Amino acid sequence: MGKTIAEKIIQAHLVAGEMTVGSEIALRIDQTLTQDATGTMAYLEFESMGIPRVKTELSVAYVDHNTLQCGFENADDHRYLQTVAAKYGVQFSRPGNGICHQVHLERFGKPGKTLIGSDSHTPTAGGLGMLAFGAGGMDVAVAMGGGAYYITMPRQYRVNLTGELRPHVTAKDVSLELLRRLSVKGGVGVLVEWGGPGVKTLSVPERATITNMGAELGATTSIFPSDENTQAFLAAQGRVQDYTPLAADDDAQYDRVIEIDLSKLEPLVACPHSPDNVVPVGSLKGVKVDQVCIGSCTNSSLQDMKKVAAILRGKTVAPHVSLSISPGSRQVLNMLAESGELNDILLSGARLLECACGPCIGMGFSPPSGGVSLRTFNRNFHGRSGTRDGQVYLVSPETAALSAITGYITDPQGLELPPQRTMPAYFHVDDSALLPPPDEAEARDVEVLRGPNIKEFPTCAPLGDTLTAEVVLTVGDNITTDHIMPAGAKILPYRSNIPYLSRFCFEVCDPTFPERAAAAGTGIIVGGENYGQGSSREHAALVPMYLGVRCVLAKSFARIHAANLINAGILPLTFADAADGDAVKQGSRLTINNIAEGLAKGSLTVTDETSGRQFTVCCDFTERQQRILACGGLLNYTKEGGV
Ligand code: MIC
Ligand code: SF4
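Conventions used here
- Along every chain, residues carry numbers that run from 1 in the direction the sequence is written.
- As a convention, the first chain written is A and the first ligand written is 1, with the rest following in written order.
- A pLDDT threshold of at least 70 governs which residues receive local features in this predicted model, and a stricter bar of 80 or more applies before side-chain atom pairs are shown or counted, although totals over entire chains, interfaces and linings include all residues.
- With hydrogens and water set aside, each side-chain value is computed from the structure's full complement of heavy atoms.
- Proximity is defined per residue: if any heavy atom of the residue lies within 4 Å of a molecule or strand, that residue is considered near it.
- Two N or O atoms form a polar contact when they lie within 3.5 Å of each other; inside protein one atom must be a possible hydrogen donor and the other a possible acceptor, and for residues adjacent in sequence the pair counts only when both atoms belong to side chains.
- The Shrake-Rupley method, run with a 1.4 Å probe, gives the accessible areas here. Residue values count only the displayed protein chains as cover.
- Cavities and pockets were defined on a 1 Å grid built from protein atoms only: a cavity is a group of points that admits a 1.4 Å probe but offers it no way out, a pocket is an open group of points flanked by protein on both sides within 12 Å along at least five of seven lines, and a lining residue is one with an atom within 4 Å of any such point.
- Here the criterion for a molecule occupying a pocket or cavity is that more than half of its atoms lie within 2 Å of the pocket grid points.
- Nonpolar residues are Ala, Val, Leu, Ile, Met, Phe, Trp, Tyr, Cys and Pro. Charged residues are Asp, Glu, Lys and Arg, and all others, Gly as well, are polar.
- Any two strands between which DSSP finds at least two bridges are classified as paired.
- Put simply, DSSP marks the helices as runs of H or I at least four residues long and the strands as runs of E at least two long, and each gets a number from the N terminus on.
- Helix axes are fitted only over the stretch in contact, all axes being lines through C-alpha atoms; the angle between N-to-C directions runs from 0 to 180 degrees.
- Contacts were defined at the residue level, with two residues in contact if any of their heavy atoms lie within 4.5 Å.
- Grid points are joined across faces, edges and corners, and a volume is the space filled by probe spheres set on the points.

(A) View of the site of ligand 1. Around ligand 1, 14 residues are found, and the nearest of them are Asp119, Ser120, Arg384, Ser536 and Arg537. A distance of 3.0 Å separates an oxygen atom of ligand 1 from a polar atom in the side chain of glutamine 35. Take histidine 65: an N or O atom from its side chain is 2.8 Å from an oxygen atom of ligand 1. In isolation ligand 1 offers 340 Å² of accessible surface; the protein chains occlude 97% of this area. More than half of the atoms belonging to ligand 1 lie within 2 Å of the grid points that define the largest cavity. Looking at the shell around ligand 1 residue by residue, the class counts come to 2 nonpolar, 7 polar and 5 charged.

(B) Looking closely at the sheet that holds strand E27 (residues 614-618). Taken in spatial order, the 7 strands line up as E21-E22-E23-E24-E27-E26-E25 and close into a barrel, and their pairing is mixed. Sheet twist, expressed as the mean angle between neighbouring strand axes with direction ignored, is 40°. In terms of strand pairing, strand E25 (residues 589-592) meets strand E26 (residues 603-608) through 3 bridges, oriented antiparallel. Each residue of the ladder has a partner; that of leucine 590, found in E26, is aspartate 608. This element, helix H16 (residues 513-520), spans strand E21 (467-474), strand E22 (523-526) and strand E23 (549-554) of the sheet and lies at about 170° to E21.

(C) Representation of the side chain of serine 226 in the model. Along the chain, serine 226 turns up in the loop between strand E11 (221-223) and helix H8 (228-236). At 2.6 Å, the side chain of serine 226 and the backbone oxygen of threonine 244 are in polar contact. Not counting residues within four places of it along the chain, the set of residues in contact with serine 226 comprises Pro111, Leu128, Tyr243, Thr244, Pro245 and Leu246.

(D) Structural detail: empty space enclosed by the protein. Tallying each qualifying case throughout the model produces 10 cavities of 30 Å³ or more. In this model, the largest cavity occupies a volume close to 230 Å³. In terms of lining, the largest cavity is formed by 26 residues, of which the most central are Gln35, His65, Asp119, Arg379 and Arg384. Broken down by secondary-structure element, the contributors of at least two residues to the lining of the largest cavity are helix H2 (36-48) and helix H4 (100-107). If you go around the second largest cavity, you meet 19 residues; those closest to its centre are Ala215, Gly218, Ala219, Gly534 and Ile560. Considering each element in turn, the lining of the second largest cavity owes the most residues, 3 residues, to helix H18 (residues 559-568). Looking at side-chain class alone, the lining of the second largest cavity contains 7 nonpolar, 10 polar and 2 charged residues.

So, to be careful, I would describe these as geometric facts and stop short of saying anything about function.
Now the structure itself:
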C-alpha cells in the first residue's frame with residue numbers, strides 16, 4: 001500500500017510504536033526551536049537534566065515574544081537565553097531578528113526532517129515539507145537531550161486543492177475556509193496533508209500561512225509536499241542543498257478527503273472571539289474599524305508585505321484608524337527597505353513595529369475600549385489583544401490594508417491592482433543576528449547569566465492512590481490557554497516566575513480563582529469540550545499545578561495541553577458521559593480511589609461526596625504516561641531515569 005508524506009517521514013524517524021491510528025509513537029527529532037516566552041522554562045528544564053550539549057542536528061533559541069523591555073525582566077531573560085544557548089550548543093536568534101516561525105522557514109527548515117518547538121505554530125514549517133509539532137517546553141527539553149517525542153498516531157486528512165486563487169483571495173482565506181468547515185476542534189487528533197493540482201499554484205510562504213493556521217483547527221500538524229516551488233524557495237534563500245522532493249504515493253490512504261476548489265473561494269473574516277467564527281468579508285461591509293495590525297507568524301512574509309505596500313502606495317490611512325506593520329523578519333524588513341516599498345508603507349501613515357510577535361500576543365498596540373481591530377493574525381481569543389472588550393477580526397493582508405485606507409471593513413475583490421504573488425529570485429541573506437554556538441571546548445567556559453526574575457521551578461509530589469479534592473472551578477467549552485494563563489505585556493515578562501504568574505491564572509473567567517485554589521490546597525477543575533486549545537504554553541499546566549490542581553475533568557482535551565498536564569503531573573480525565581460534566585458543581589468535593597489500577601485499565605470511578613453521585617471517567621494513557629503521572633510529572637520521571 002502507498003504511503004502519505006507524513007507516513008514516509010514518520011517511518012524514517014520511528015523509535016518505538018507502530019503507525020496505527022490512536023497508538024503511541026515515539027519519533028527521533030532532528031531540529032528543535034524555542035521562543036523566549038516558553039524558552040526560559042524549557043532551558044531551565046534542560047539544565048536540570050544535566051546533559052552537557054544538545055544532541056539534535058540543530059536547535060535554535062529565538063527571542064520574539066517578550067521584546068518590550070519595560071524593566072529588567074525581559075532583558076535578563078534575553079541574556080539568560082543567549083548564554084544558555086551558547087553553553088549548550090544552541091543557535092541564538094537575537095531580539096529583532098524576527099518571529100521564530102518566519103526565520104525558521106527562511107534559514108533552517110528542511111523538507112523531510114522532524115522539528116518540535118515550544119510554540120503551537122511550529123507546524124508552520126510544514127509549508128516546507130517538514131513534519132513539525134508544537135509541544136510543551138519540557139518535551140522540547142527532552143528532545144534537545146536526544147530523547148524521543150511521543151505522540152498519538154493521528155488520523156490523516158487529505159485536503160485536495162484544485163483550481164487557482166482569484167486575485168485578492170489569499171492563502172489566509174484557504175485557512176479560514178477550512179476553519180469554517182471543520183471548527184476549532186475539527187482537527188483534534190488529525191494530521192492534515194495538503195495535496196492535489198492546486199498545490200503547485202501556492203508558494204512556500206503561502207503554504208506556510210496555511211500550515212500555520214492548522215494549529216487553530218487543533219490539528220496535530222499540517223504538511224505540504226516538497227516540490228519545485230520548495231526548491232525555488234530554498235534556492236532563493238541560498239540553500240538549495242537542503243532541498244529533497246517529497247510527495248504522497250498515488251495510492252496513499254487517508255481517513256478523510258476534503259475538496260477545496262481555490263477558484264471558488266472569496267475573502268473571508270473570522271469574527272470575535274474565535275478563529276472559526278468565519279463569514280465572507282463582503283457581509284461585514286461598512287463595519288467601522290479602529291485599528292489594523294499586519295504581521296504575525298501567519299502573514300508577515302515578504303510576499304505579504306509587498307502586497308500590502310502595493311495597496312498602501314500613494315494612499316493615506318483613514319484618520320480614525322491606527323495601522324501597525326510588523327515585518328516577520330529582518331530579511332523581510334531589509335528587502336522592503338532596499339526596494340523602496342518600506343517607504344510606501346511609512347508614507348501611508350502606518351506605524352512600523354519591531355520584527356516580532358508584538359500585538360499578536362498583546363505585547364503593545366492593544367485596541368481602544370470596545371475597539372474593532374482587524375488583524376492578519378491567527379487568534380482572536382477573548383482578551384488576548386490586551387483589551388478585555390476589544391473586538392478582533394482575523395483577515396488577509398489585502399483586506400487589512402484596504403480597510404485601513406477606507407476605515408471600514410472592505411472586500412478587496414475588484415480592487416484594481418496587479419496581483420503581487422511572485423516569489424523573488426533571491427532573498428537578501430544576512431545571518432548576522434543569528435549567533436552560532438561556540439564549539440564544545442569553548443562552551444565549557446561560558447557562564448550562564450540568570451536574573452532575579454528566574455524563580456525556582458515548581459515541583460509536584462508523586463500521585464497517591466486516592467485523590468480527594470474540591471472542584472475549584474467549572475468552565476465551558478473551548479477554554480483556551482489564554483483563559484487559563486493569560487499573556488500580554490504586563491504578565492509575559494514573568495514566564496520564569498510561576499508564583500507571580502499564578503496571581504493571573506483564569507483571570508478572564510474568574511479573578512477569584514487563584515486565591516480560592518491556593519486556599520483549597522488541592523483542587524480539581526471541570527471543563528467542557530476542547531479544554532486547553534490554543535497555545536503550547538506549559539505555564540497553563542505548571543501554574544494550576546503550583547496552585548494545587550491535581551486533576552482536570554473535561555469532555556475532551558486539546559492535544560498539546562493534555563500532554564502538558566501529564567508532564568506537570570496533573571491528571572487529564574475525560575467524562576465517559578458528557579452529561580456528567582454538566583452535573584458537577586463548583587465547590588463539590590470529589591474522591592477518586594484506586595488510581596493506579598484505574599489508570600492501567602483505562603477508567604476510574606469518581607464519587608461526588610456532595611451530591612452522592614458516582615460517575616466514570618476515561619483515561620487512555622500509555623504505560624509511560626502512567627509512570628510520568630505516578631512520579632508527579634516528566635521532570636521527576638526523567639530525573640528518576642525514565643525515558
Ligand atoms: C501564542 O500564539 O499563543 C503563543 C504566545 O505564541 C504561544 C506560546 C506562548 O504562550 O508562549 C503558542 O502559540 O504556543
Ligand atoms: Fe508570535 Fe502570534 Fe505567532 Fe504566537 S501566533 S508565535 S504570538 S506571532
